[in-house]
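# Chain and residue survey
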Amino acid sequence: MPKVTVVSGCELIIDGVRCRLFGVQLPKDAAQAANAKRFLELYIENYGDYFSIYNTDKPVSSKDGVPLIWLHGHGNGGWAQETLVQAGLVSVDYSGYEEYRFRVPAKAGEEKFDWKKLLKEAVSSHQAGEKPNVNFDWPESRKR
């Protein structure tokens with residue numbers, strides 16, 4: 001099972017490889033960036049080693065060479081990027097990747113995945129005041 005360390009609300013180290021979540025960016029506000037990191041830590045803790053990276057058939061890297069990944073924990077709940085946006089902790093940013101496409105497994109085989117539509121819906125969900133689709137309390141109900 002891969003060892004995962006959360007570096008920030010958008011970056012992880014997976015088995016020694018620094019990765020960044022595709023399609024989102026951290027806010028400039030330090031407190032909100034810290035909340036995004038905590039949220040991603042809880043997301044990873046919730047799924048443990050049971051997650052997949054879904055754009056491995058068409059890998060892409062950022063301008064600084066960091067692999068950009070689309071991450072989902074196995075089980076109930078949303079994609080990592082989607083839930084961070086739903087929580088209002090990161091913003092959507094796919095500049096330079098507008099034409100990027102990848103496929104995800106589906107019941108009838110693989111299908112094209114409309115990640116831009118998903119992120120737009122996550123923004124709408126946040127603006128409507130809906131809670132993120134996660135299996136943990138957010139905002140946290142207990143003190144750390």
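Counting restarts for each chain, with residues numbered from 1 along the sequence as it is written. Owing to the predicted nature of the model, reporting of local features is limited to residues with pLDDT of at least 70; listing and counting of side-chain atom pairs is limited to 80 or more, with chain, interface and lining totals taken over all residues. Here the side-chain values reflect all heavy atoms present in the structure, with hydrogen atoms and water set aside.

### So, the overall build of the chain
The test is simple: Only DSSP runs of H or I with at least four residues qualify as helices, and only runs of E with at least two residues qualify as strands; both kinds are numbered from the N terminus onward. Put simply, the radius of gyration uses C-alpha atoms, and a globule should come to 2.2 Å times the residue count raised to 0.38. Contact definition: two residues touch when any of their heavy atoms are within 4.5 Å. Exposure was quantified through the Shrake-Rupley algorithm and a 1.4 Å probe, taking into account, for residues, occlusion by the shown protein chains and nothing else.
In terms of helices and strands, the chain carries three helices and 11 strands. Against the 2.2 N^0.38 benchmark of 15 Å for 144 residues, the chain shows a C-alpha radius of gyration of 14 Å, consistent with a compact globule. For the chain, the C-alpha atoms occupy an extent of roughly 40 × 35 × 30 Å along the three principal directions. Sequence-distant contacts, at least 24 apart, represent 67% of the contacts inside the chain between residues at least 6 apart. If you sum the accessible surface of the chain, you get close to 8200 Å²; carbon and sulfur atoms cover 49% of it.

### Let's talk about the sheet that holds strand β3 (residues 17–21)
Applicable threshold: DSSP-based pairing: two strands are paired if at least 2 bridges between them are found. A fitted line through C-alpha atoms represents every axis, and for helices the fit uses only the stretch in contact; the resulting angles, taken between N-to-C directions, go from 0 to 180 degrees.
Taken in spatial order, the five strands line up as β1-β2-β3-β7-β6 in an open sheet, and their pairing is mixed. Every interior strand has two partners, whereas the edge strands, β1 (4–6) and β6 (60–61), have only one. The pairing of β1 with strand β2 (residues 11–14) spans three bridges and is classified as antiparallel. Within β2, the residue paired with Val-6 across the bridge is Leu-12. Sheet strands touched by helix α1 (residues 30–47): β1, β2 and β3. Its angle to β1, the strand with the most contacts, is close to 160°.

### Focus on the environment of Leu-26
Mapping Leu-26 onto the fold places it in the loop between β4 (24–25) and α1. Separated by 95 residues in sequence, Leu-26 and Glu-121 place their C-alpha atoms 19 Å apart. Non-local contacts of Leu-26, meaning those with residues more than four positions away in its chain, are made with Ser-8, Gly-9, Cys-10, Ala-36 and Val-90.

### What to know about the pairing of β3
Pairing of β2 with β3, which is carried by four bridges, proceeds in the antiparallel orientation. Paired with Ile-14 across the two strands is Val-17, which belongs to β3. Two successive antiparallel strands, β2 and β3, enclose a turn made up of two residues, where Asp-15 displays a positive phi of approximately 50°. Strand direction decides the pairing type here: β3 and strand β7 (residues 67–69), joined by two bridges, are parallel. Among the inter-strand pairings, Arg-20 is bridged to a residue of β7, identified as Leu-68.

### A short note on the pattern of salt bridges
Selection criterion: What makes a salt bridge here is a side-chain nitrogen of Lys or Arg within 4 Å of a carboxyl oxygen of Asp or Glu, nothing more. Only protein chains enter the accessibility calculation, which uses a 1.4 Å probe; a residue whose area is less than 20% of its type maximum is buried, one above 50% is exposed, and one in between is partly exposed.
Tallying each qualifying case throughout the model produces 10 salt bridges. Salt-bridge contacts for Glu-41 lead to Lys-37; the nearest nitrogen and oxygen are separated by 4.0 Å. Of this pair, Glu-41 and Lys-37 both sit in helix α1, separated by four residues, roughly a single helical turn. Glu-41 gets classed as partly exposed once you look at its relative accessible area, which sits at 22%. Across the pair Glu-110 and Arg-103 runs a salt bridge whose closest N-O atoms are separated by 3.9 Å.

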